[in-house]
Amino acid sequence: MERDYPLEKVRNIGIIAHIDAGKTTTTERVLFYTGVSHKIGEVHDGETTTDWMEQERERGITITSAAVTCFWTPTYAINDKSKKHRFNIIDTPGHIDFTVEVKRSLRVLDGAVVVFDGVAGVEPQSETNWRYADEAKVPRICFINKLDRTGASFEKSFATILDRLTKKAVRLQIPIGLEENHDGVIDLLKMKAYYFEGEMGNSVVEKEIPADLLADAEKYRNDLVEKIVEQDDNIMNEYFEGKIPDTDTLKKLLRKGVLANEIFPVYAGSALKNKGVQLVLDAVVDYLPSPLDIPAIKGLNPDNEKEVIERHASDAEPFSALAFKIATDPFVGQLIFFRVYSGTLTAGSYVYNPRTRNKERIGRILRMHANDREEVKKVFAGEIAAAVGLKDTITSDTLCDEENAIELDKIVFPEPVISLRIEPKTKADQEKMGMALNRLAQEDPTFKVTTDQETGETIISGMGELHLEIIVDRMKREFTVEANVGKPQVAYRETITGSSEAEGKYIKQSGGRGNYGHVKVKIGKMKPLTKEEVQDLPKNVKRSEGFEFINSIKGGVIPQEYIPACEKGFKEGLDRGILAGFKMVNISVDLWDGSYHEVDSNEMAFKIASSMAVQDACRRANPVILEPMMKVEVVTPDKFMGDVTGNLSSKRGLIEGMEDRGMNKVVKAVVPLSEMFGYMTNLRSMTEGRASFTMEFLRYDIVPQNVADTIIASRK
């Protein structure tokens, strides 16, 4: 079986946006115009292709990212079959609770289409997603959607992109009319007007620009050309001498700018009214990268972590792929979604996993169309597919060829901020619940299951109330497990504000060999460092998330083989907390002295001594409790403004600013998560159901003393 599409004709793209900006509606149009679906499904009817889970259809939101394969020939070369391209599209969620889906999808995609609401412009989750895309260095095209809505303004939305996201955005189109008069778009590169006629707007008609918009179009075209010619010094000099490059040259330069993340072209339209989507697909072909345009992926040699290996997007190189998502399919069992970076993979062959150091057999390979699937015998470099038959693979594992092993960078996920206690309703549910939670935790790296050591209760943690609500709902529907759920708990942390010293001695004599461990430690606050400073740390300093270990032992007063046991003891001591039993973070522990006994010393004794010492030191270093603070944005009609701000202030919220958005007011605030439970109901009753809000995690802050006392008392 040979490759059906050359690599330069493949595009792996994601559609990302804030909740309700129209991603899924845009994806539905893409599937319709590319011929994958013969009927357009609407979110409000609960009939979309990519929102296939029952929970998604009921709520009208996207929860899991869905992968779809489709094919597109640009509208300007409609009869030229050699121009046909293959798209692997991932429709991602917009809700902050499912931000993990966006983060992991961006890691394996080459380009993205960022959708904005034409009324609201840039919203909080648009900023988070944009930041994730910056981290992953993914080239982007912007699509300002919903220009048919009352209050829509292309210029205002474009201004919010410049203001909040990037100064490198540039108009490639402007709309013809707004609100109910939105008829089409003007392409500033070709200087033509485009209208979308026929059933479902499927025929794109090119006309001359309406006379009343010509002056605007010429002005914006000059801005665009200036931005494009900056990509090439020679052409820029010629341009300033009065020579304007032809359209083909401008398109080549624009592609170069988009690939280098130096230009973000902005398109206009309305997916719901079938306007503008085909031209965005043309832009994906013209400006977003194929796997060949992406720099070679780098990874480490699992047997020698100092050696960096590169893999290029080529079928001839050794096989390497990244597993970025695990999903349970009711018909085929566990599916592992993976992106192939180099080489090819055949069904029935074996792959090597450097994390487990084991080989696993790939049973079947599927190409996904949301929840429909097509079986294929072989996948090639640059493709996204799903594998059946891998038992031991988890999210962000590398799959590779055993002879040429490589370990790709792991995807880093945010820590959960909210927890619930959960218990099975009946004895029969008990065993099933453990299995269901385990399966769901494998699928979602931001969902954690732990057991409270003191009470033996099961605790589930996630990114927000909706996240955990969906998990419990899925347990009920997919695994038929009925469970009782406790009240939400906040993931507090503890830290210290001072520094101190302590020593820990563990001596136990029994008949025969005893136990002897003795350490002296200094502790202090962990200093924040830049990436460069972390790389230049001295050899005796080890850093992990929230913990720094400095080994200052000289002259072997504690033998080298006991040092790892000491480090483990410090970590365990910090995990137990001091004030209310919450994990302690941002602490630097310096092991500077101690002693050992030739016969009685062992690893366990040093671990216990270290744990005692660090707990003792923390008690003397002014420990405090930290709580998660949320960035909250409330959109409310003007007349409820006072009620909303007053209510947020009463929740220990800090109002950071207000602005107008169409007919509404937007209040921005920072509020502790513990005060935000059930806020939606509260807000609806306060504003006759007309306000909405979004929130996302911002940082950890010290809890005021009176609140800390309440937390400590409740943990006793």
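What comes next concerns the included structure. (Residues numbered from 1 in each chain as written. Predicted model: local features only at pLDDT ≥ 70, side-chain atom pairs only at ≥ 80, totals over all residues. Heavy atoms only, no water.)

## A few points about the overall build of the chain
From N to C terminus, the chain includes 17 helices and 39 strands. Computed over C-alpha atoms, the radius of gyration of the chain comes to 28 Å, within 12% of the 27 Å expected from 2.2 N^0.38 for 716 residues, which places it in the range of a compact globule. Dimensions of the chain, computed from the C-alpha atoms along their principal axes, are close to 100 × 65 × 65 Å. Out of the 716 residues belonging to the chain, those deemed buried represent 56%. Considering only intrachain contacts with a sequence separation of at least 6, the fraction spanning at least 24 residues in the chain is 71%. Working note: accessible area of the chain is about 31,800 Å², and carbon and sulfur atoms make up 49% of it. A gap of 3 Å separates the mean positions of the 96 positive and 112 negative side-chain charges of the chain. (Helix = DSSP H or I, 4+ residues; strand = E, 2+ residues; numbered from the N terminus. Rg over C-alpha atoms; globule rule 2.2 N^0.38 Å. Buried < 20%, exposed > 50% of the residue type's maximum accessible area, 1.4 Å probe, protein only. Contact = heavy atoms within 4.5 Å. Areas by Shrake-Rupley, 256 points an atom, 1.4 Å probe, with all protein chains shown as cover. Lys, Arg positive; Asp, Glu negative; His and termini not counted. Charge placed at Lys NZ, Arg CZ, Asp CG, Glu CD.)

## So, the sheet that holds strand E34 (residues 547–551)
Hydrogen bonds between backbone groups are what pair the strands of a sheet, and the pairing can be parallel or antiparallel. An order of E31-E32-E35-E34-E33 is seen for the five strands of this open sheet, with the pairing classed as mixed. Strands with a single pairing partner mark the edges of an open sheet, and in this sheet they are strand E31 (500–508) and strand E33 (541–544). Going across the sheet, the axis of each strand differs from the next one's by a mean of 20°, ignoring polarity. Where strand E32 (residues 515–525) and strand E35 (residues 587–595) come together, eight bridges link them in antiparallel fashion. (Pairing = 2+ DSSP bridges. Axes fitted to C-alpha atoms, helices over the stretch in contact; angles between N-to-C directions.)

## Quick notes on the side chain of asparagine 12
Relative to the assigned elements, asparagine 12 resides in strand E1 (residues 10–17). What asparagine 12 contacts, discounting residues up to four positions off in sequence, is Asn88, Leu109, Asp110, Gly111, Pro291, Arg339, Gly382 and Ile384.

## Remarks on the packing of helix H10 (residues 427–443) against helix H11 (residues 465–478)
The interhelical angle for the contact between H10 and H11, taken along N-to-C directions, is 130°, at an axis separation of 10 Å. Comparing the axis directions of H10 and H11 gives the class oblique. The two elements H10 and H11 cross, and the hand of that crossing is right-handed. The residues of H11 that touch H10, namely those facing Met433, Ala436, Leu437, Leu440 and Glu443, are Ile471, Arg474 and Met475. (Parallel < 35°, antiparallel > 145°, perpendicular 65-115°, else oblique. Left-handed = near helix turned anticlockwise from the far one by under 90°.)

## Let's talk about the sheet that holds strand E13 (residues 304–311)
Strand order in the open sheet formed by three strands is E13-E12-E24, and the pairing between neighbours is antiparallel. In the strand order of this sheet, the two ends are held by E13 and strand E24 (407–408), each with one partner. Relative to E13, strand E12 (residues 297–301) runs antiparallel, the two being bridged by five bridges. If you follow isoleucine 297 over to E13, its bridge partner there is arginine 311.

## Comments concerning the pairing of strand E17 (residues 350–353)
On any regular strand, side chains alternate: one points to one face of the sheet, the next to the other face. Of the pairings in the sheet, the one linking E17 to strand E18 (residues 358–361) comprises four bridges and is antiparallel in character. Following the sheet pairing, tyrosine 350 is matched in E18 by arginine 361. Once E17 ends, the chain turns through four residues before running back antiparallel as E18, passing arginine 357 with a positive phi of about 60°.

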